[in-house]
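If you want the building blocks of each chain, they are given just below.
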Amino acid sequence: MRSRLRDRRSASGQAIERQGRGDEAIAVYTKALDKNPGDPSATAYIAKIYLGKARAARLLGNTAEFETLMGKAKGYLDQASSKDATNVATNNALALYHLMRDDVDTAEKYVKEVLFVEPTNVTGLNTRGLINLKRGKLLLAEWIFKQKLLDPEVGIVSLGVLSGTFQLSVIAAAPPTGTAATLAALLILVGALSKSAL
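What counts and how
Numbers given to residues run from 1 along each chain, matching the order in which its sequence is written. In keeping with the predicted nature of the model, local features appear solely for residues at pLDDT of at least 70, side-chain atom pairs appear and are counted solely at 80 or more, and the whole-chain, interface and lining totals rest on all residues. Derived side-chain values reflect all non-hydrogen atoms in the structure, with water molecules and hydrogen atoms excluded from consideration. Just to be clear on terms, a salt bridge is a Lys or Arg side-chain nitrogen sitting within 4 Å of an Asp or Glu carboxyl oxygen. Put simply, DSSP H or I for four residues or longer makes a helix, DSSP E for two residues or longer makes a strand, and each gets a number counted from the N terminus. Note on exposure labels: buried denotes an accessible area under 20% of the residue type's maximum, exposed denotes more than 50%, and partly exposed covers the range between, all computed with a 1.4 Å probe on protein chains only. Each aromatic pair joins two rings of Phe, Tyr and Trp (for Trp, the six-membered one) with centres within 6.5 Å, and gets the label stacked for planes under 30 degrees apart, edge-to-face for over 60, and tilted for any other angle. A ring is scored as having a charge over it whenever the NZ atom of a lysine or the CZ atom of an arginine sits within 6 Å of its centre and within 35 degrees of its normal. Here a residue-residue contact requires only that any non-hydrogen atoms of the pair lie within 4.5 Å. The term nonpolar core refers to a set of buried residues drawn from Ala, Val, Leu, Ile, Met, Phe, Trp, Tyr and Cys, joined through side-chain atoms within 4.5 Å. To get an axis, a line is fitted to the C-alpha atoms, and for a helix only the part in contact is used. The angle between two axes follows their N-to-C directions and goes from 0 to 180 degrees. Just so you know how the angles are binned, under 35 degrees is roughly parallel, over 145 roughly antiparallel, 65 to 115 roughly perpendicular, and the rest oblique. Put simply, a crossing is left-handed when the front helix is turned counterclockwise from the back one by less than a right angle, and right-handed when it is turned clockwise.

1. Quick notes on the pattern of salt bridges
Next up, step 1: Scanning the entire structure with this criterion turns up seven salt bridges.
Next up, step 2: For Lys53, the salt bridge goes to Asp23, with nearest N and O atoms at 2.6 Å. With a gap of 30 residues between them, Lys53 in helix α3 (residues 40-59) and Asp23 in helix α2 (residues 22-35) connect regions that are remote in the sequence.
Next up, step 3: When its relative accessible area of 31% is taken as the criterion, Lys53 is described as partly exposed.
Next up, step 4: In this structure, the salt-bridge partner of Arg135 is Asp105, at a minimum N-O distance of 2.4 Å. With Arg135 in the loop between α7 (122-134) and α8 (138-146) and Asp105 in helix α6 (residues 104-117), the pair connects residues that are 30 residues apart, well separated along the chain.
Next up, step 5: With relative accessibility at 27%, the residue Arg135 sits in the partly exposed group.
Next up, step 6: On the basis of relative accessibility, which here comes to 56%, the residue Asp105 falls in the exposed class.

2. A few points about the packing of aromatic side chains
Next up, step 1: Using the criterion set out here, one finds two aromatic pairs in the structure.
Next up, step 2: Arranged with centres 5.9 Å apart and planes meeting at 10°, the rings of Tyr50 and Tyr76 form a pair that is stacked. One end of the pair, Tyr50, is in helix α3; the other, Tyr76, is in helix α4 (residues 63-83), and 26 residues separate them in sequence.
Next up, step 3: A relative accessible area of 14% means that Tyr50 is categorised as buried.
Next up, step 4: Directly above the aromatic system of Tyr97 lies the positively charged group of Lys74, at a separation of 5.9 Å from the ring centroid.
Next up, step 5: In this structure, Lys109 packs its charged tip against the face of Tyr110, placed 4.2 Å from the ring centre.

3. Observations concerning the environment of Ala89
Next up, step 1: Relative to the helices and strands, Ala89 is located in helix α5 (residues 88-100).
Next up, step 2: Note on Ala89: relative accessible area 14%, which makes it buried.
Next up, step 3: Taking the C-alpha atoms as reference points, Ala89 and Ala47, 42 residues apart in sequence, are found 9.9 Å from one another.
Next up, step 4: Setting aside chain neighbours within four positions, we find Ala89 in contact with Ser41, Ala44 and Tyr45.

4. Side note on the nonpolar core
Next up, step 1: The biggest cluster of nonpolar side chains holds 39 residues, and the ones touching the most others in it are Tyr29, Leu51 and Met70.
Next up, step 2: Put simply, the parts of the chain that give this core at least two residues each are α2, α3, α4, α5, α6, α7 and α8.
Next up, step 3: Sorting elements by how many residues they give to this core places α3 first, with ten residues.
Next up, step 4: If near-sequence neighbours (up to four positions away) are discounted, Met70 is found in contact with Leu51, Ala54, Tyr97, Met100 and Arg101.

5. Section: the packing of α6 against α7
Next up, step 1: Running from N to C, α6 and α7 point in directions that differ by 155°, and their axes come no closer than 9 Å. What the angle tells us is that α6 and α7 run roughly antiparallel. In this structure, the crossing between α6 and α7 has a hand that is left-handed. Where α6 abuts α7, its residues Val104, Ala107, Glu108, Val111, Lys112, Val114 and Leu115 lie against Gly124, Leu125, Thr127, Arg128, Ile131 and Lys134.

This is the structure we're talking about:
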């Protein structure tokens, strides 16, 4: 019973977060932490929101705010990791944190932990694809992304990860650039066309 209630709170927070209402999602996750202190998933979800805010600050050229938000995210991630070093949400967020710091080796270490536990985890697969793009391993990145090619959501998730938000108005106002963003847009287009042709 307690586990199902915790899962519902996480799902509620994630739904709010996907609508671009990060501060409201933090409030939901904070309530979850009040009910279950130290819950690593709720803690990691808060960290992930701060990572998105940090990405937005970096896009706006606000280095000081970027560093402050990255510090907040890292604090939450350290808490979550100390509770459960195998938690998928925590390791996904740690992979994203290190990817944002351009530490691809450490990001890959955490994404491997995710994919060991959940081999089809979409966030983990996308992060692994982004790691390979950063390393210039385009064929490997393409292969990873194609594992879910017929699902345009993979491209949407990739754009969200690259943008640090899933709020379409923010993505449209400051779209991510580069090879990864182009590949994500192609995944959306090809996936949508493939599904409409079925």
